[in-house]
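A structural walkthrough
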Amino acid sequence: MIPSAYFPAEASGLWVFLEQEAGKLESVALELLGKGRELADARGLPLTGLLLGHGVEHAALEAIAHGADHVLIADHALLDTYTTDGYTKVACQAILDRKPETLLLGATPNGRDLAGRLAVRLKTGLTADCTNLAFQEGTDLLVGEVTGFGGGVLASIKCAHHRPQMATVRPGIFPLPSPDPTRTGRIEWFSVTLSPGEIRTEILERVRHEGVDITRARVIVAGGRGVKGDFAPLTELARLLGGEVGASRVACDLGWIGRDRQIGQTGFVTRPKVALVCGISGATQFTVGIKDAELIIAINSDPEASIFEEADLCIVDDLFPVLEALIAELREETP
Ligand SMILES: Cc1cc2nc3c(=O)[nH]c(=O)nc-3n(C[C@H](O)[C@H](O)[C@H](O)COP(=O)(O)OP(=O)(O)OC[C@H]3O[C@@H](n4cnc5c(N)ncnc54)[C@H](O)[C@@H]3O)c2cc1C
C-alpha cells in the first residue's frame, strides 16, 4: 500500500474548504461548516476553514459566524479566480504544512476538481458525493455514506490508513446553519508561493449562468412524465405560491424543462417547506432530492405509485383538474 503524504498519527483537526466566488462563500461551504461544527463538537476538535482567494477577509468573518473556529487564508492575486493548478498547489502547501486529519469540500464543479487533484497529490482517499458524514463511534475515522448503483446500494466508506481523509458533499445535503455574528474565531494568513508560470490555463471569458437555484426555494411544484409536457399549470401554481418549478429527470431528458430544475440524485437536492409532486412515480433517484421537504404533497393517478410512501398528503387523481382547482382557489385570494 502506498503511504499518504503524512500519517494518521501526525494528523489533527477538521477542515472545510471555503469555496468562494468573487468573495462570496458558496452555500455548500456554509452547509459544510454547519455539519463540520457538529462533527468537531462530537470529538472536541477545532474547526478550520481553508480560504483561497484575493481580498477575501470578509468571507473569513462569514465562516466564523457560521461555525469555524479558525480560518486559514491564502491570499494571492493569482488565486482571485479558481484554476486547477493554482488552487491545487496552494491547498497542497497548506495541507502539508498543517496536516489536517479530515478535509471536507463541496461537490461543486470546482470542489470536485480540486478534491480529486488533492487526493492524488496527497496519496490519500476521497469519498465523493456523500449523503451523510459521521465519525465511527470512539474513533477518528470519518465514515462517508454514499449511494451507488442508481440508488440501490448505500455504502459506508472510510479511509483507514491515509490522511487527510477527504469527502465531498453536494449542495443542499446538509442544512444551512444560522449565522451567529457574535461568534469569534482566529484568522490567520498563510504565506503563498505561486507564480504565473505554474498556472497552465488562462481564463479568457467568464459567462455567468442565470438559471434558477431551486435548492433555495421554499415551495417547489415538481412535475414528471405525468405532466405530458405541459408545465404551464405547474408554473402558474408555483408563481401564486411564490415558489419554483422542479422536475424529474425524465421531464428534463424529454426537453420539457431546463436541467437546472432537475431534482434528485443526478439533479439538485432540495429541502423546501412544501413540495407538491405532480405526475412523478417516486423512484429513489428522485426522492433523495426532495425527502427533506417539511411537507410533501403528491398527486398521482396511480394509487400504487411509490411517491405516496414519501408523501405526507396523497391525492390519487388526474393532476390537471387538481391543479386547475388549486389555481382557481389561489387566484381568488391573490389575483
Ligand atoms: C443513475 C441514475 C440516476 C438518476 N437520477 C435521477 C434524478 O436525479 N432525478 C430523477 O427524477 N430521476 C433520476 N433517475 C431516473 C429515475 O430512476 C426515474 O426513471 C425517474 O425519476 C422517473 O421519472 P417520472 O417519475 O417523471 O416518470 P415515471 O416513472 O414514468 O412516472 C410518471 C408518473 O406519472 C403518473 N401520471 C401519469 N399521468 C398522470 C396524470 N395525468 N395525473 C397524475 N399522475 C399521472 C404515473 O402514474 C407515474 O407514476 C435516475 C436513474 C438512474 C439510473
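As the structure is a computational prediction, the values presented were derived from the model and not from experiment.

What counts as what
- Residues numbered from 1 in each chain as written.
- Predicted model: local features only at pLDDT ≥ 70, side-chain atom pairs only at ≥ 80, totals over all residues.
- Heavy atoms only, no water.
- Near = heavy atom within 4 Å.
- Polar contact = N/O pair within 3.5 Å; in protein donor to acceptor, adjacent residues only side chain to side chain.
- Areas by Shrake-Rupley, 256 points an atom, 1.4 Å probe, with all protein chains shown as cover.
- Helix = DSSP H or I, 4+ residues; strand = E, 2+ residues; numbered from the N terminus.
- Nonpolar A, V, L, I, M, F, W, Y, C, P; charged D, E, K, R; others polar.
- Buried < 20%, exposed > 50% of the residue type's maximum accessible area, 1.4 Å probe, protein only.
- Pairing = 2+ DSSP bridges.
- Axes fitted to C-alpha atoms, helices over the stretch in contact; angles between N-to-C directions.

On to the site of the ligand, then. As a structural note, the neighbourhood of the ligand is formed by 26 residues, with R225, S248, T266, S281 and N300 the closest of them. Measuring from an oxygen atom of the ligand, one finds a backbone N or O atom of G267 at 3.3 Å. For the ligand, the protein covers 76% of the area, taking 980 Å² as the surface of the free molecule. Breaking the shell around the ligand down by element, the ones donating at least two residues are α6 (249–253) and α7 (284–287). Residues of the shell around the ligand, tallied by class, amount to six nonpolar, 14 polar and six charged.

Take the environment of E10 next. Within the fold, E10 resides in the segment before β1 (14–17). E10 gets classed as partly exposed once you look at its relative accessible area, which sits at 42%. C-alpha of E10 to C-alpha of V274: the two residues are 264 residues apart in sequence and 47 Å apart in space. Separated by 2.6 Å, the side chain of E10 and the backbone nitrogen of F7 make a polar contact.

What follows deals with the sheet that holds strand β8 (residues 132–135). Across the sheet, which stays open at both edges, the three strands sit in the order β8-β9-β10 with antiparallel pairing between neighbours. The open sheet terminates on both sides in strands that have one partner only, identified here as β8 and β10 (153–158). If you compare each strand with its neighbour and ignore which way they point, the axes differ by 25° on average. Where β8 meets strand β9 (residues 142–148), four bridges bridge the pair, whose relative direction is antiparallel.

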